[in-house]
Structures are given as structure tokens and as C-alpha cells.
Amino acid sequence: MPDAPTIVPAVTTLLHAAVTAVGGAERPGQVEMAEAVARSIKTGEHLAVQAGTGTGKSLAYLVPAIRHAVAEDATVVVSTATIALQRQLVDRDLPRLAKALKPLLGREPTFAILKGRRNYLCLHRVHNGAPEEPEEAALFDPFAASAIGRQVKRLHEWSSDTETGDRDELVPGVGEQAWRQVSVSGRECLGVSRCPIGTDCFAERARADAGKADVVVTNHAMLAINALEGYQVLPEHDVVVVDEAHDLVDRVTSAATAEISGAGVSAAARRCGRLIDQDIADRLAEAADGLTLMLTELPVGRMDELAEPLRNTLRAVRDAARACIVALGPERAAQKENVVDATAHKLARAMLDDTHDTADRLLDAFDEDEAHRRDVVWVSGDSDRPASLRVAPLGVGGLLRERLFGMSTTILTSATLTLGGAFDTLARQWGLPLSTTSVRKVDGMATDKEPPSDEGPKWTGLDVGSPFEHGRAGILYVAKHLPPPGRDGLAESYLDELRELVEAAGGRTLGLFSSMRAAKQATEVLRDRVDHPILCQGEDATALLVTKFAEDPRTCLFGTLSLWQGVDVPGPSLQLVVVDRIPFPRPDDPLASARQRAVAARGGNGFLTVAATHAALLLAQGAGRLLRSMGDKGVVAILDSRLATARYGGFLRASLPPFWSTTDPAVVRGALRRLDEAAPHPVV
Ligand code: SF4
């Protein structure tokens, strides 16, 4: 790297240059955030910064991050939850920033994108193949097998066109089973020094590029793997920026979740059967059959006790896998020289290790009493998937505290980090110590939070607010007159209310439902009762539906979870967000219910700590769909009267943007009609 100038300009100077270059306007919240990020990098004190939509928060952290990287010849890692944000950073923000800052920094800052090995096509697997294995689907459904075969053929063709081998660049994508046939995990990779295609390897190239870059963009799963594994999968770095930090805990939990099924154990037995004494492999195959049988008899859902027969089955799986590992032994010299043999050995060993470790983890999960268990176990499966056992951590705070906050200065940011007006709820989940100070922004002034008093990593919470005037631009309407939501779908009174709102708004409605069943019911009924087109998630690719919705203001879009967080439609096509019910986790959600019970067992309020927090985060995200650009106006309508009447309603309302609020349906319909009349009308 060429030498950086000895005096690096102040972060505000760089931000000004960057904002000017991208043709934007500097905003007070953005400047404040950039200064706070720079301060955090300098002092090493972690920072949680809430920055509303429209703040320009990516520039506010990228500028100080780049400044630090160039001045200190260091690498900064930026992690996102979604591919959309990753793309925005790599395709738009970073290239423009690099050019804008070059004259001031003396050289052009560099950046790279790095994902887990499984995200890249493995050329060795494509060209030299793995010893053929019938995939799970083929065992159950020949049609699925031929569909997978077609996808794999497409992947082989794509392998000679793609420059990155990055799965996210393949449009349309392929299913997981097809992708697994052309990719490897870290455990399955031969290693660059042994692999005949190592020098052309996409994953290795991405790693090499990342090792030289000032800014490495990655995802939360990769951060989790970096924290979970004993070795570094990310280049050496001293600062991490976690954008979309509201999703960090869920993504880390997913990365730390393991799964075992009879079919998976059978596949491991077949893999190693060719390499070891058949009798030893047969023991594992028998244990797999036992597990398959056992799982078909178990009800789907959380498992609080490990029944003796299942314990014995898991012991049999673990011990048989161990015996296979011993029989397989370390790679012999002859295998090392033969790539085909080395590949077979590596794949078998990886599957056996996974089988052994997961069975062992499942057996350990029930050792402690319920209040002190670290893992939760459940049986998962449905009509499309045979049953499996899953094990996930109850909390990831300890891991993050030690392996994220303990290793690098960490800046967490999102439009939604304060719940009930404070950072504490999320801080607790991240493993950071609590503070008693509330940070609700008052009179447009950001409020710096006192450093927490108890032991643990030092951190500061900062809310830089939002450029939107929520009180003027938006109305929070709670349909207090409706009965609380029932269990049997949407009641007639809800459907009527929804119809009246959609008609008043003239379409322009995003319907966020707590279940796909409710979204479909609302779609069906409203298609009969209103003239506006209603799109429903699942009827086409979500991105395509969102585009159609954005193009025609009269169109409504109804759906569930991914729409709560993923829709960004500025302008008059979206003037009404309707939420059918408070999005508490389902009572049979194994993780949420186990977390709730663990909090209660320790004397806390499990419902408030887990279920209300989950709902608050999603509600805030859903309400955040309304105002996406300056000049946007509209209504967030919550049909669930409990938001106005229940004890926890205050906590949930305090987690929403500070809209003007009403419970009067006539007032809100009048406002929607006026907005509809004032909006530019589409040419028919
Ligand atoms: S180095 Fe690993 S990931 Fe890369 S091509 Fe070889 S086996 Fe595949």
C-alpha cells in the first residue's frame, strides 16, 4: 500500500467531501453519528447508534471507518444482515466514496466483500466432482431429484461464466440441495495448498482480496462463524461496524444452530462406507435407521426432557460416528497424494464430525436444570421435510461479549435499536452491561448515554434521531374499538376495517400480517370487496411483487415476515401500513418459548423480556416502512386493540416512531382520503 499522508483530514472534512460528491445534503444526525463513530474508534469504547431512515448512516460510519483504515493501515469489517444492504454498500456507496476521498487521503481506499466458504462455488467440486452420493431428496421424491439435477447442470454452466462464484449473483437462484453439490464447507475444503484448483478458487480469491482491503463487507453469519470457530475466518481487524444490528442476535443464533436427521446420518455412513471396514460403517447406518424411526414418532416442537430411548439412540449415533472417525484415521500418505482419495476422506470426515458433534451437543443439552440450560432442542419437520432434531443456543450474549466486543471496537447501528425508549433490551441480548438511562430523543436533540456503571465492556448509546418529522408526517392509528384478535383467522370486523382503510387510502397499502394464512384470507376477501389490485406474497417472487406495488399507487401488497423488514417504497405508492396483530412469537415457537421460560425460571418477566421485545422490534420495523423519503406522509394502522388497552401496550408504543396518534377511525379515514386526493394521480 502506498504511504498515507501523515495528516489525515478530520472526519467532518471527509464527510463533507463525500456528501458533496454523491450529490446529497449534509444532515445534523449524519455529522453527529460520524463524529461519534470516529470517537468510538479512537477510544475503543463500543457504540450503539440508532439512526432513522434518511440519516445517511452508511456514509456516517463508512467515512470514519475508511479514515481509520487508511491512517492506521488497518482493516475495518462492516457486517450487514441483508444482501440488499451488502449490494448497496459494495455497488454504490463504497465505489463513490473511494473516488470522493482519494484526493484527501492521498490514495484510493480499497474494499472487498467476503462471505462464508459455502457461499462460493467450489471449482474443485464442479470439475473433479465428489464421489457421487444420492442426495436426500432423491430418496424420497424422484421428481425433486430430477429438478435438482437440472439445477446442478445450470450451476455447471454458470461456473464458466461467473467471475466471483458468489451464490448471490446467480439469478434466479437455486435450491439448497443443488447448491450443496457444487460448494463445500470450511471442514470439507481440501485446503488451498492441496487443492488442484486452489489458485483459481473463488473463496480463496475473495479471502485474498479481503486481506488487502481497507474495508471488508461481510454478513452477520460470517461474524458469528468468526466468533464461534477457534480460528479467524475474517482478516485481522480492530474495528467492526454491525449495520442492521437489530438482526444480529437472530443471525448469530441461526449460525450457531445445528441439526441432525436420520437421512443425514445415513449419508455420513454411506460416505465413509467406501473408506473403512463396512461393519463399522454399518453400525452408523443402523443408528441412523434408529434415529429415523424414533423421529417419526416424536411430536414436532420443543423438547424439555430427553426420553431414555432417544438418549440411547443419540448415544448410538455419537458412538458409531466416533468409531467411524477412528477407523477413518488421519489421512494416509497415499491418500494425500491422490486428490480423489483426499477429497473422499475430507468429505467423509466432515460429515462424521458434524454427526458426532451434534449428537454430543444434544446429549449435553439436558444436563443442567431448566433455568441454567444453554441450549434448546426441538423436533422440526413438516409435510415437505422429514423430521430432524435441532439444537440452538438460548442466548448469544456470552459469545458476542467475549468474541466480538472482547476482540474489536464494535459499532452497532440500525434504525431500530431502542425498544421502549432505551437501548437496554438489545444491549442485554448482545451481552453488554445495562444502564438505567433512557435515550428517547427529545426536541430534536440527540442524547448521549452515560457509560454503564456495572462491569463489562464499556459502551455508549446514541440516538441521532431521524430527519423526518414523524409527528407531522405520520399518524399511528390503533383500532381500539375492535375485539382482541382471535385464533381462527381474521374476524369479519377486521376485514371490514381493512376494507374501509384501503378504500380511504385509494389503494397504496402495505398489509403486514402475522401469518401467511391471515395474509391470504385478507387478499381473498378484499379482492371481492375493493376495486384496487391486491398482490399477495408468494404469488410471485417478492422483489417482483414489490416492484409492481411501487409502480402503481392503486395497488396493495399483503404479506408476512420478509415484508416487515424488506420493503423500501418511497412516495405516494405507500401511504398506509396496516398491521393485523401485534407480532408476538407463536406460542409454539421453540426458541422464544424456551427463552421465555428460562427468564421466568430466573425470576424475570419472560413475556416482557422475550415476547414483547420480539414484537416491539418487528412492529418498529414494520412501522418504519411508511416514511422512506422526505415528503412522505401516511398512516400506520394497527388493528390489534391490545396496543391501546394492554399493560405492555405502552412499551410497544414507546418503541414506535413518535407519530401523532389516534384511535378514531373517522379521523384516520378522513386523513387518508385527503392524502389520496393530494397525491399525484396515475394516468389511467
Ligand atoms: S480450495 Fe477448497 S473451496 Fe477452493 S476449489 Fe479447492 S476445495 Fe473448493
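Residues numbered from 1 in each chain as written. Predicted model: local features only at pLDDT ≥ 70, side-chain atom pairs only at ≥ 80, totals over all residues. Heavy atoms only, no water.

Observations regarding the overall build of the protein chain
A count of helices and strands for the protein chain gives 28 helices and 19 strands. Its C-alpha atoms give the protein chain a radius of gyration of 27 Å, near enough to 26 Å, the size a compact globule of 684 residues would have. Counting only C-alpha atoms and orienting by the principal axes, one finds that the protein chain spans roughly 75 × 70 × 55 Å. Classification of the 684 residues of the protein chain by burial places 53% in the buried group. Long-range pairs, those at least 24 residues apart, make up 75% of the contacts in the protein chain with a sequence separation of at least 6. Per element, the accessible surface of the protein chain, about 30200 Å² overall, is 51% carbon and sulfur. When the 76 basic and 91 acidic side-chain charges of the protein chain are each reduced to a single mean position, those positions are 2 Å apart. (Helix = DSSP H or I, 4+ residues; strand = E, 2+ residues; numbered from the N terminus. Rg over C-alpha atoms; globule rule 2.2 N^0.38 Å. Buried < 20%, exposed > 50% of the residue type's maximum accessible area, 1.4 Å probe, protein only. Contact = heavy atoms within 4.5 Å. Areas by Shrake-Rupley, 256 points an atom, 1.4 Å probe, with all protein chains shown as cover. Lys, Arg positive; Asp, Glu negative; His and termini not counted. Charge placed at Lys NZ, Arg CZ, Asp CG, Glu CD.)

Some details on the site of the ligand
By nearness alone, every residue bordering the ligand is listed as Arg117, Cys122, Leu123, His124, Val184, Cys189, Leu190, Cys195 and Cys201. When atom positions are compared with the pocket grids, the ligand is found to occupy the largest cavity. Its residues assigned to classes, the shell around the ligand shows seven nonpolar, one polar and one charged. (Near = heavy atom within 4 Å. 1 Å grid on protein atoms, 1.4 Å probe; cavity = no way out; pocket = protein on both sides within 12 Å on 5 of 7 lines; lining within 4 Å. Sits in = over half its atoms within 2 Å of the grid points. Nonpolar A, V, L, I, M, F, W, Y, C, P; charged D, E, K, R; others polar.)

What to know about the pairing of strand S17 (residues 576-579)
Side chains of S17 alternate between two faces, with Leu576 and Val578 and Val577 and Val579 buried alike. In this structure, strand S14 (residues 509-512) lies alongside S17, joined through four bridges in parallel fashion. Residue pairing for S17: Gly511 is matched across the bridge by Val578. As judged from the four bridges shared by S17 and strand S18 (residues 634-638), these two strands associate in the parallel manner. Bridge pairing links Val579 to Ile638 in S18. (Pairing = 2+ DSSP bridges.)

Examining empty space enclosed by the protein
The rolling of a water-molecule-sized probe over the atoms marks out the regions of remaining empty space. Applying the stated rule across the entire model yields two cavities of 30 Å³ or more. Estimates place the volume of the largest cavity at around 200 Å³. Along the wall of the largest cavity there are 22 residues; nearest its centre are Cys122, His124, Val184, Cys189 and Cys201. Mapped by element, the contributors of at least two residues to the lining of the largest cavity are helix H5 (123-128), helix H9 (202-212) and helix H16 (339-364). Element by element, the count of residues in the lining of the largest cavity is highest for H5, at three residues. Residue composition of the lining of the largest cavity, by class: 13 nonpolar, five polar and four charged. Approximately 30 Å³ is the volume attributed to the second largest cavity. Around the second largest cavity, the lining residues are Leu223, Ala224, Ala227, Leu248, Val252, Leu399, Leu400 and Leu404. For the lining of the second largest cavity, the elements supplying multiple residues, two or more each, are helix H10 (220-228), helix H11 (248-255) and helix H17 (397-405). Considered class by class, the residues forming the lining of the second largest cavity number eight nonpolar, no polar and no charged. (Points joined across faces, edges and corners; volume = space filled by probe spheres on them.)

Remarks on the packing of helix H2 (residues 28-43) against helix H3 (residues 57-72)
How two helices pack is summed up by the angle between their axes together with the distance between the axes. Two elements in contact, H2 and H3, have axes separated by 8 Å at closest approach and are oriented at 35°. Every pair of crossing elements has a handedness; the one defined by H2 and H3 is right-handed. Along the contact surface, H2 presents Gln30, Met33, Ala34, Val37, Ala38 and Ile41, while H3 presents Lys57, Leu59, Ala60, Tyr61, Pro64, Ala65 and His68. When the residues that make up the contact of H2 with H3 are grouped by side-chain class, the tally is ten nonpolar, two polar and one charged. (Axes fitted to C-alpha atoms, helices over the stretch in contact; angles between N-to-C directions. Left-handed = near helix turned anticlockwise from the far one by under 90°.)

Some thoughts on the layout of surface pockets
Taken as a whole, the second largest pocket encloses approximately 310 Å³ of empty space. Together, 15 residues line the second largest pocket, and Ile113, Glu163, Thr164, Ala206 and Asp209 are the ones closest to its centre. Within the residue set of the lining of the second largest pocket, elements represented by two or more residues are helix H4 (83-105), strand S3 (111-113) and H9. Broken down by element, the lining of the second largest pocket gets its largest block of residues, five residues, from H9. Here the residues of the lining of the second largest pocket sort into eight nonpolar, one polar and six charged.

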